[in-house]
Structure formats: structure tokens, C-alpha cells
Amino acid sequence: MDKKTIQTDVLIIGGGTAGCYAAITLAEQSDKEVLIAEKADIKRSGCLAAGVNALNAYIVSGNTPEDYLEYVKKDAEGLIREDLVLTMSERLNKVTKHLEEMGLVILKNKDGEYVTRGNRNIKINGENIKPILANQVYSYSNITVFNRVNIIDYIVADNQIIGAYGFHILKNTFYTIFAKTVICSTGGAAGIYKPNNPGLSRHKMWYPPFNTGAGYAMGIRSGAEMTTFEMRFIALRCKDTIAPTGTIAQGVSAPQINGAGELYDKQYGAPTTANRVYSTIEENKQGRGPCFLKTEGIGEKAEEELLKAYLNMAPAQTLKWLERGKGPNHENVEIEGTEPYIVGGHTASGYWVDTGRQTTIKGLYAAGDVAGGCPQKYVTGSLAEGEIAALSALRYIEETTFKTIYKEEQQEYERTGFEAVNKFLHHPEGIYTVFQLEEAMQKVMDEYAGGISGNYGYNQSRLVIAESRIRELRELALRLHAKDCYDLMKIYELLDRLLVAEAVIVHLEARKETRWHSFQENLDFQEKDEAYFLYINSIRKNERFEIIKRAFVGRGVVYEHTH
Ligand SMILES: Cc1cc2nc3c(=O)[nH]c(=O)nc-3n(C[C@H](O)[C@H](O)[C@H](O)COP(=O)(O)OP(=O)(O)OC[C@H]3O[C@@H](n4cnc5c(N)ncnc54)[C@H](O)[C@@H]3O)c2cc1C
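None of the values given here were measured: they were computed from a predicted structure.

1. A short note on the UniProt feature "domain: FAD-dependent oxidoreductase 2 FAD-binding" (unreviewed entry) in the protein
Sites flagged by UniProt as "domain: FAD-dependent oxidoreductase 2 FAD-binding" (unreviewed entry) map to residues 9–373. A helix fraction of 28% and a strand fraction of 21% characterise residues 9–373, whose end C-alpha atoms lie 27 Å from each other.

2. Considerations on the sheet that holds strand β21 (residues 544–550)
Taken together, the four strands give an open sheet; going across it, the order is β16-β11-β20-β21, and neighbouring strands pair in antiparallel fashion. The open sheet has two free edges, formed respectively by β16 (350–351) and β21, since each of these has just one partner strand. Where strand β20 (residues 535–541) meets β21, seven bridges bridge the pair, whose relative direction is antiparallel. Paired with isoleucine 539 across the bridge in β21 is glutamate 546.

3. Focus: the pattern of salt bridges
Summed over all chains, the structure comprises 41 salt bridges. Taking the shortest distance from any N to any O, the salt bridge between arginine 515 and glutamate 530 comes out at 3.6 Å. With a gap of 15 residues between them, arginine 515 in the loop between α15 (485–510) and β19 (521–522) and glutamate 530 in the loop between β19 and β20 connect regions that are remote in the sequence. On the basis of relative accessible area, arginine 515 is assigned to the buried category, the value being 3%. Between glutamate 546 and lysine 541 there is a salt bridge, with its nearest N and O atoms 3.4 Å apart. You can call glutamate 546 partly exposed: its relative accessible area is 39%. One continuous salt-bridge network, built from bridges that share partners, spans Glu66, Glu70, Lys73, Glu82 and Arg555.

4. Some details on helix α6 (residues 214–221)
Counting buried positions over the eight residues of α6 gives seven, a clear majority of the element. Along α6, the residues that are buried comprise Ala214, Gly215, Tyr216, Ala217, Met218, Gly219 and Ile220. Phi for glycine 223, located one or two positions after α6, is positive at around 85°.

5. Overview of the site of the ligand
The environment of the ligand is made up of 33 residues, and the closest members are Thr17, Glu38, Ser45, Ala54 and Asp369. Side-chain polar atom of serine 45 to an oxygen atom of the ligand: 2.8 Å apart, as the coordinates give it. Between the ligand and asparagine 211, the relevant distance is 2.9 Å, taken from an oxygen atom to a side-chain nitrogen or oxygen of the residue. Out of a free accessible area of 1000 Å², the ligand has 94% covered by protein chains. Broken down by secondary-structure element, the contributors of at least two residues to the shell around the ligand are α1 (17–29), β2 (34–38), β3 (54–55), β8 (149–157) and α11 (378–399).

6. Some thoughts on the nonpolar core
With 136 residues, the main nonpolar core has Tyr351 and Met445 as its most contacted residues. In terms of residues, this core owes the most to one element, α15, which gives 16 residues. Among the nonpolar cores identified, the runner-up in size contains 45 residues, and Val10, Ala18, Leu26 and Val34 belong to it.

7. Structural notes on the packing of aromatic side chains
Enumeration according to the criterion identifies 22 aromatic pairs in this entry. Ring geometry for tyrosine 58 versus tyrosine 114: centroids 5.5 Å apart, planes at 70°, classification edge-to-face. Of this pair, tyrosine 58 sits in the loop between β3 and α2 (65–75) while tyrosine 114 sits in the loop between β4 (105–106) and β5 (116–117), and the two are 56 residues apart along the sequence. An aromatic cluster is present here, built from Trp206, Tyr207, Phe233, Tyr341 and Phe519 joined pairwise through their rings. Looking at arginine 81, its charged tip hangs above the ring of tyrosine 559, at a distance of 4.5 Å from the centre. Its guanidinium or amino end placed over the ring of tyrosine 71, arginine 120 lies 3.4 Å from that ring's centre, counting from NZ or CZ.

Thresholds, definitions, all that
Residues numbered from 1 in each chain as written. Predicted model: local features only at pLDDT ≥ 70, side-chain atom pairs only at ≥ 80, totals over all residues. Heavy atoms only, no water. UniProt positions renumbered as here; feature names shortened; annotations may be inferred. Helix = DSSP H or I, 4+ residues; strand = E, 2+ residues; numbered from the N terminus. Pairing = 2+ DSSP bridges. Salt bridge = Lys/Arg side-chain N within 4 Å of Asp/Glu carboxyl O. Buried < 20%, exposed > 50% of the residue type's maximum accessible area, 1.4 Å probe, protein only. Near = heavy atom within 4 Å. Polar contact = N/O pair within 3.5 Å; in protein donor to acceptor, adjacent residues only side chain to side chain. Areas by Shrake-Rupley, 256 points an atom, 1.4 Å probe, with all protein chains shown as cover. Core = buried A, V, L, I, M, F, W, Y, C linked by side-chain atoms within 4.5 Å. Phe/Tyr/Trp six-rings, centres within 6.5 Å; stacked < 30°, edge-to-face > 60°. Lys NZ or Arg CZ within 6 Å of the ring centre and 35° of its normal.

Here you go:
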């Protein structure tokens, strides 16, 4: 393998929604050298790869950022970081305007106002949203993009970030990248639990299968404090195609009904995101499934709109309707819950950050789905966090006196980073493959840590088994053989997922209540307990997670780390 060493001012890991926007902000506000390292290609990577048809977080006319905060708070049973949600909400409309100026088509009514969908969404022609962001990135001369570079670990000295390691997936090159500051924007984690679909369809999942929790895992390995991994996200989706349901539920006001045609969601408390899944699970458990979105009779025009809308973001659903020869106007749409994901743009799991999105590692920032405490970010919230992180990182560069890294020290970093990776290329071929260990991990998580097969419930006895099995699988994964850099990437993806899985188990165990039905369904403690109105955080030390309980952080506060 070739070895290369790079120096930059700002390293952005993950050129998705938040990462691209952080780079754009840095380029617009400074002449700092910015490097984006992206494991895929920024033109079509991450959550926006296939396009989206709405911006889910927008302050519509008559509403305020405080209203958005209230909505997020209610949806998460109160337990969010208000400082983070408010600072994000305040930027939602500004970043939307910026996206429009970059070329995104946002639908407008005859008065020139954005067309809204519900209270907080606006409609877009979003198939090309990612190429628009990528083109903007490429328009700045001080941004360099490394596509197909998979970042695997941070370089940290005395709890201060100084760079990261990675390798080119196709070119067989190992990179040691030194940076004054790093922004992590690698998205959330899919593929931890056994998915809905088997075999070759297993990647037909809600979240990008290539977002494997690398950012979380790198933070955990480096001793960063993480938060709320127990608040998993389970999407309510169209059966089998795993296409979004919001476009139907809100777009044509289709309610949830059970197999007998009865409306059911109102019987299960407030219509929060978690309760919409929970109510569907309960109806099925009680023998009243399957459940549907009631679309029969919506009319030909509404049906055509849905066929078009799904072509933009989940073509499999449109194809399913066409293949069956029956669209939603003639047949209700069956719904199901997906496997759990860890995703800080929808729930509150991720890095424990200060108000400026700095993690507990000095000079390391987190934005988008990888950052915790701030649910319901979606596209615009991730852009907003990219901006906040970028501005904080710039201030950090201005205010910090950086230690010189001398040649010998640099060579030592290069050597240790390379050796950690190179050993996989020299391991003898073993009896297990990455795929087999990944399947085993997903089965363990499904059966012992609250997956689909157990209706998302778990108890202490099961978690104990889950933790020991996941640790055993990790030992096996550490002995895997890679024949090239593609194999190496697969091994790191597995190792990252296993570490995130362990964090999830430890967090699930620590919250001795049920705060978010289905998302965190503790069968030993089935009620909400106000003694647990606090954040469950963790730091990994000596290969074990230590739990830290942190008190609520309200709005208007500028939260700073105390260590
Ligand atoms: C299917 C789906 C539909 C959605 N629909 C909507 C919608 O209609 N409206 C809305 O507002 N929101 C929607 N969202 C949510 C929104 O898209 C996300 O919250 C947001 O885009 C997340 O941005 P991010 O930057 O955190 O992650 P991403 O945009 O996913 O970026 C993460 C990037 O990191 C890269 N990466 C990962 N690991 C590594 C590594 N080790 N090294 C280098 N690079 C790495 C990935 O390849 C990716 O490019 C949807 C999400 C999904 C999954």
C-alpha cells in the first residue's frame, strides 16, 4: 500500500448534507484550506443520494423557531437538548434560501410563497439536491475533495484532535491527514439490526446502508462522550419497499387503519413519531393487523401525484403499484416498522456536543445525523448544524495556538496508523467472512436487544447475552483477513457497527424506564419514570463503557463542556 501524508486547516469527514454545507460555509467565510474525505462520491452520497421531495424542517409563515422547538420537545417526550434544537431552528429558513439560490427548485404557490405540506414541511423538486450541493462545493478553490477515501480513526493527542487516518478504497493508498480542526459528519448507523428484507434485498432499508456508524465508532474509540444511544429510530414504512409513509400520510391525509378498517393511532397517547410505530406494533400483537394507510378512494389525481412523488425518492414503491396494476386509489398501503437505526437527525443519539457543536475532544466538531441531543434535524437542520460547526471550527482555529508536530512525531503517527490497518492485510485467511459475522451481529441484536422479531422489546437478561455475544463477534472480526482496500473497508464497517451495537446495549440497559415506546421498550420497566428525565451518556475506557448521567439543558443556555 502507498502511504501519503496530508496537511490541511480543516478536515471534514463525510461529504454528505452537513459535511458539504460545512465546507461551503468555511469557503464563503474564510480562506482556510478545507479537505472533504468521503467514502463514496459527494455527488451522490449519504441520505440525499437518491433525492428527497420535501424539506421536513422549515418555519412556515406564522410560526417561530420556538414553535419548532416545542414540536421537537413534545415528540421526544421532553428529553432533548433545547440549546441545540433552538440554535438549529433559528437557521432553518436561512439555509433553505441558500439552497434555493444554489439551484434547488422549491415549489411556490401563485403568491410566490413556498408550498407547504403540513405545518413544518415544504415541497421541493429534490431529485438533484445532492448534485446541487456537490457542484457548489466544487466551485470553491480552497476546498479539496477526496472521494472514495474511507476514514477509520482520529489522531488525538492529550484529548485534542490533530487529524485522522483513512485509505483510498480503490487506489490502495493509506492517508495520514493532519488538520487543525476536524468536523465529523459521517451520518448515522444502519445495519446494526437484522433488517426487514432477507437475502439480496437486505439493503432495501430506510437508512443508507453505507452509513455504518463510523463517526460514532471513531469517537467512542477516542474516548469522546456520547449521548442517548438508547433512543433508537424505527421508521414506519410501506411494507417491503420500505418507502416513506409521510408523503402519503400528510400528502393525501391518509390515516392509519387496522385490518378491520378501524382507526387506531389515537388510542395510544399523543401521535408522536414513536407512538405511530408503537400503535401499529400493538395492533398487530393483539391480532388486529395488518395495518394500512387508508388511501382507497383518494382519487385519480392524488394517485398520480403519489406515483410521481415516489419516483423522486423511492421508485420501488411506484414500480410496486405499477406492477400490481393497482395504485393507492384502489388499494390501501400496508405499513410496517423497520429495524432500529441509530440516527441523530431523527432521534437524539450521537456525540455529546456543546452549543457550538464541539465534542468533548478539543477541536473536533460534529454535525448532522452523527451529532446527538437534537432530533428532527432532517435536511435543513443538518445544513444548519454544518454551518454552526463550521463557524465554531473557524473561531477555534483563530483562538488556538497549535503545537508544532515535529518530523519524528509525525512519522510515529504515520507508522502506528498504518500498522493498525496493515495487520488485516497480513492476517491468514480465516473461516469466517465479514458477511457471516455481520449477519450474526444483526441476529444477536434482533433477538436479544429489541429488534423486529421481539416487537422492539428487551429486558436485562437478554441484554446481558447480547453484550457478551457482540464482544465475542468483535474478537472474531479483529482476526479477519483483507485482500485489498475494499475488504478493509468492509472489515472497518463491521468493527464500527459492532462497537455501536455494544454502545446501544449499554445505553438500553442504563435507562430503567420506557421513555419512547418501541424506540426504547424496556420490558423490565414498562412505564415512564421522571427520575430518568436526564441524558444517559457514556465514555469508553479500558474497553468498557462507563455511564454518565447528565442533567437537562434548557434553551437560552450556552452549554460548555466542563472537562
Ligand atoms: C431515505 C431517507 C429519506 C429522507 N427524506 C427526507 C426528506 O424528505 N426531507 C428531509 O428534510 N429529510 C429527509 N431525510 C433526512 C435527511 O436526509 C438527513 O437527516 C440528512 O441528510 C443527514 O445528513 P448528514 O450529513 O448527517 O448525513 P449524510 O448526508 O448521510 O452524510 C454522511 C456522509 O458521510 C459519508 N461517510 C460515512 N462514513 C464515512 C467514513 N468512514 N469516511 C468518509 N465518509 C464517510 C457517507 O458516505 C455520506 O456521504 C431522509 C433520510 C433518509 C435516510
